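Below, each chain spelled out in residue letters.
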Amino acid sequence: MPEETVIRKKTALSGIQPSGNLTLGNYLGALSNFSEFTSEYNCYYCVVDLHSITVRQIPAELRRRTYEVLALYISCGLDPEKCTLFVQSHVHEHAELSWMLSCFTMFGELSRMTQFKDKSAKHADNINAGLFTYPVLMASDILLYQADVVPIGQDQKQHLELARDIAERFNGVFSPTFTVPEPYIPKIGANIMSLAEPTKKMSKSDANENAVIRILDTRDVIIKKFRRAVTDSDTCVRYADGKDGIKNLMTIYSCFTGKSYDEIEREFDGRGYGDFKSAVGEVCADGLQPVKERFDKLMADKPYLESVMRDGAEKASRAAGKTVSKVKRKLGFVTL
Ligand code: ATP
Ligand code: LTN
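The notes below deal with the structure included here. (Residues numbered from 1 in each chain as written. Chains lettered and ligands numbered in written order. Predicted model: local features only at pLDDT ≥ 70, side-chain atom pairs only at ≥ 80, totals over all residues. Heavy atoms only, no water.)

A few words on the pattern of salt bridges. Scanning all chains against the criterion turns up 23 salt bridges. The residue E109 makes a salt bridge to R169 at a minimum N-O spacing of 2.7 Å. Within this pair, whereas E109 is found in helix α5 (residues 107–111), its partner R169 is found in helix α8 (residues 157–174), the two being separated by 60 residues in sequence. Between K200 and D206 there is a salt bridge, and its shortest N-O distance comes to 3.6 Å. What makes K200 partly exposed here is its relative accessible area of 35%. (Salt bridge = Lys/Arg side-chain N within 4 Å of Asp/Glu carboxyl O. Helix = DSSP H or I, 4+ residues; strand = E, 2+ residues; numbered from the N terminus. Buried < 20%, exposed > 50% of the residue type's maximum accessible area, 1.4 Å probe, protein only.)

Set out below in structure tokens:
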């Protein structure tokens, strides 16, 4: 009899922190790519609330944002019937594996993480141990589900590389235990910049509202913010060095229209920055409109969102439990 070959469906996993109102950077760099994986991969998308407490949160806001990020997952096309949508703190194995993997992560490795350096500079009064070990928790999120691919923006590449190193180290000591994950970083949109300081990443927690487009901003606000976007003293829409503001706007325009940089240059040839900025605002507002409409409906139905969380936690726990049992066995913990 021919030997039966079992083809394992690959797994995709990603997470977003409920640490602020999501931005266009979160959308283009991560969220809008999540649904690409749902037909061919086993998908796990997680609201990473444990990560968000590395920075002080107001409890009522954290709770509301947890519902919001889940509602945004669904609004951006993730069907809870086809993928597992869940909240990290509902699956205790994340914290449990994180402890075990922290014993396979070096102090020096964590000290080199640029997000740690940036966040400790930004929150100098609260450089807590969680901020330092944050990447171990992220590695645990990924390795718990044996993820093959992790859709992320450019800023998370270093954390993903660390997750790969931890997996390889553990596998090397105890025989293959974890799948070594690959990042999926989109070619365009992986690094959306601030509209006020286009050499800096657009970040959820930026104090300057004009620097950030929020997924849930109204059409008028989106258009106004793009009109105010910092550019340069030239007038020509060109993708060239030294034109960070224009390059960022061209990237955003390209993401929403599918047009190449050459096509965009031709389209706006001889027209000023004003015209271009208005056009970027229009395509962005149009692109986000359907997401917002679905979001409003979902937020009005908390019991539904809670049922999604409950089902998601149950499915995720099943997969996570298997990995944790395997890791404990390999480490030599007594199982009863
Ligand atoms: P914070 O400002 O609170 O640190 P953040 O905006 O960086 O948060 P996260 O929840 O940490 O957001 O990130 C969620 C996902 O969005 C990650 O995959 C991250 O790489 C991606 N992302 C965040 N900002 C951008 C950006 N400016 N451009 C592209 N992708 C981004
Ligand atoms: N560290 C990420 C958020 C995050 C994540 C994950 C992303 C936590 N766990 C697992 C992908 C996979 C961030 O700060 N953006």
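Structure's up, so let's keep going.
This paragraph deals with the environment of K157. Structurally, K157 can be placed in helix α8. A relative accessible area of 33% places K157 in the partly exposed class. Separated by 25 residues in sequence, K157 and E182 place their C-alpha atoms 9.8 Å apart. Beyond its immediate chain neighbours, meaning those up to four positions away, K157 contacts I152 and I185. (Contact = heavy atoms within 4.5 Å.)

As a further point, take the packing of aromatic side chains. Overall, the coordinates contain 18 aromatic pairs when judged by the stated rule. Ring plane angle 15° and centroid distance 6.4 Å describe the contact between Y27 and F256, whose orientation is recorded as stacked. With a gap of 229 residues between them, Y27 in helix α1 (residues 24–34) and F256 in helix α10 (residues 244–257) connect regions that are remote in the sequence. Take Y27: its relative accessible area is 12%, and that puts it in the buried class. In this structure F256 comes out as partly exposed when scored by relative accessible area, which is 21%. Note on F37 and Y41: the rings are 5.2 Å apart at their centroids and 85° apart in plane angle, and the pair reads as edge-to-face. According to the relative accessible area criterion, F37 is buried, its value standing at 7%. (Phe/Tyr/Trp six-rings, centres within 6.5 Å; stacked < 30°, edge-to-face > 60°.)

None of the figures reported here should be taken as evidence of function without further support.
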